[in-house]
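# Results of the structural survey
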Amino acid sequence: MVSPSARDTRPTADRGWYSDWNDWYFKVGCVLVSARRLPILLLACLCVMCVAGLFPPTASAIDGPEWQYALWVAGQLRDDPPPDPVVLLLGGSSAREAVKTNADWAADVEKLGGMRVTTYDLGTRRQTFEQELALVKTLPKTPMIVFIGINAGRFTADFTTTTDVTPPATKPTFVRHHYRAVNAWTPARKRERVAYWLERRQRLFNERFDAHAKQLDLLIETCVRRGYTTVVLALPRDIDAMGGDLSEVNKRYLSTGRRLAEKHGARFIDFVPDAQLSSDDFYDLDHLLLSGREVYQAWLAYETAVIFNAELAPEGSTPRAVAAPASLATPASPPASTPEPEGAHLWPAIVGVTLAGVALASLGVLAVGRSRASRRRADQSQRTEPPIPRR
């Protein structure tokens, strides 16, 4: 701190409009960036940013209650399996948004001609093939259909290390659907996202593709070896908005998914072109709105019914005709649940960046204050003291 003798002794009016401002911020800056407090503040910034996911986290830290729900389902299937055959959908947030509810998906399967089934959409934000491999190993070895959803984003994901697959004691609660038509991206913004993908994400896609493909290969092999009817499924993608710009990216992951499925005797399904989803059915390039969700779910239910009747129907049962997905078309209705605000999971990063900004700003304020104090001392040293009058 500057000693009182070094302070400017001119009247406030002579010192200018900045005088009070400078004194107050100078004091604040000194407090924030003192030699003993600055390291603590910077350490706090790093800790908050680590929690925010700016550094590679473990799988359990990525998905929170969504991932915990997937672990809870796996635990329930082991400890208290349902009487009906089980169908699982694995994937990232695009898979999470692909169906309305588990019960609706199961009901559509039965309506189209399939048997009664129990369905679980286990899609979670930023889910990786490595996570799914760890999850699948905890499932019971009973006949079930496992859909492994793939899209371009899954091959750009950060790598994870799943160290704990212990299910929670109680069923976690979370908001499944985060997107609404009122906030959907405009066509211009979707095109900007395509340009961003080509400029930034495609490089990451190419760098990480082989490593993620190896994990997908191992995942399919593990599912088949455990006796599950395994299906590599193309997740929703906005074909209209992507145009031909992302055709090479899409072709690469889709052809790899097909090749790996055939390698292990699994199925590969891509009904997205046949479903004829419009760009209005998407929030962005990958996440469906309610209107698209109903269409995609109908096709998924159709494929589920076909596979079940072909491979999992009880012996001696009469094959049932499977109706076309279009027979399930119903008018869209808004869901009752209130979605979690988009970007709510980013608050730790915002706090961390804010703290870092405060620290840097305080350093600047302190530097400016010290510079001005030095100038004041120099000015005072040049002044001559008035002579002392003799008595």
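Higher on the page you've got the structure.
Read on for an overview of the structure. Note that this is a predicted model, so its numbers are computed, not measured.

What follows is about the overall build of the protein chain. The number of helices and strands found in the protein chain is 13 helices and five strands. The burial tally for the protein chain puts 45% of its 391 residues in the buried class. The contacts of the protein chain with a sequence gap of at least 6 include a subset with a gap of at least 24, amounting to 87%. When the accessible surface of the protein chain is totalled, it reaches about 20,600 Å², and 56% of it is carbon and sulfur.

Here we come to the side chain of H264. Tracing the backbone shows H264 in the loop between α10 (247-263) and β5 (267-269). Apart from the residues within four sequence positions on either side, H264 is in contact with D217, I220, E221 and V224.

Further remarks concern the pairing of strand β2 (residues 118-121). Of the two faces of β2, the one lined by T118 and Y120 and the one lined by T119 and D121 are each fully buried. When strand β1 (residues 86-90) meets β2, the two strands line up parallel, connected through four bridges. Residue pairing in the sheet places V87 in a bridge with T119 of β2.

On to the nonpolar core, then. Formed by 47 residues in total, the largest nonpolar core has its most connected members in L88, L122 and F155. Of all the elements in the fold, those that place two or more residues in this core are α4 (59-79), β1, α7 (129-136), β3 (144-150), α8 (187-225), β4 (229-234), α9 (239-242) and α10. Ranked by residues supplied to this core, first place goes to α8 with nine residues. Setting aside residues up to four positions removed in sequence, L88 forms contacts with L77, W105, Y120, L122, L139, M144, I145, V146 and F147. Membership of the second largest hydrophobic core comes to 29 residues, among which are L89, V117, L233 and A275.

This part covers the packing of aromatic side chains. This model, assessed by the stated rule, comprises 14 aromatic pairs. A ring pair is formed by F271 and W299, whose centres lie 5.8 Å apart and whose planes are at 20°; its orientation type is stacked. Here F271 is found in the loop between β5 and α11 (272-275), whereas its partner W299 is found in helix α12 (residues 290-312), with 28 residues between them in sequence. The burial state of F271 is the same as that of W299; both residues are buried. On the numbers, 6.3 Å between centres and 70° between planes, the contact of W299 with Y302 is edge-to-face. Pair noted here: W299 and Y302 are both in helix α12, with a separation of three residues, about one helical turn. Taking relative accessible area as the criterion, Y302 reaches 24% and is therefore assigned partly exposed.

On to α10, then. Over its 17 residues, α10 runs 24 Å from end to end, which matches the ideal 24 Å to within 8%, given 1.5 Å per residue. Of the residues trailing α10, G265 is marked for its positive phi of about 75°.

This paragraph deals with the pairing of β1. Most of β1 sits inside the fold, with five of its five residues counted as buried. Neither face of β1 is left uncovered, since the one carrying V86, L88 and L90 and the one carrying V87 and L89 both have all their residues buried.

What counts, and at which threshold
Residues numbered from 1 in each chain as written. Predicted model: local features only at pLDDT ≥ 70, side-chain atom pairs only at ≥ 80, totals over all residues. Heavy atoms only, no water. Helix = DSSP H or I, 4+ residues; strand = E, 2+ residues; numbered from the N terminus. Buried < 20%, exposed > 50% of the residue type's maximum accessible area, 1.4 Å probe, protein only. Contact = heavy atoms within 4.5 Å. Areas by Shrake-Rupley, 256 points an atom, 1.4 Å probe, with all protein chains shown as cover. Pairing = 2+ DSSP bridges. Core = buried A, V, L, I, M, F, W, Y, C linked by side-chain atoms within 4.5 Å. Phe/Tyr/Trp six-rings, centres within 6.5 Å; stacked < 30°, edge-to-face > 60°. Expected span 1.5 Å × (residues − 1).

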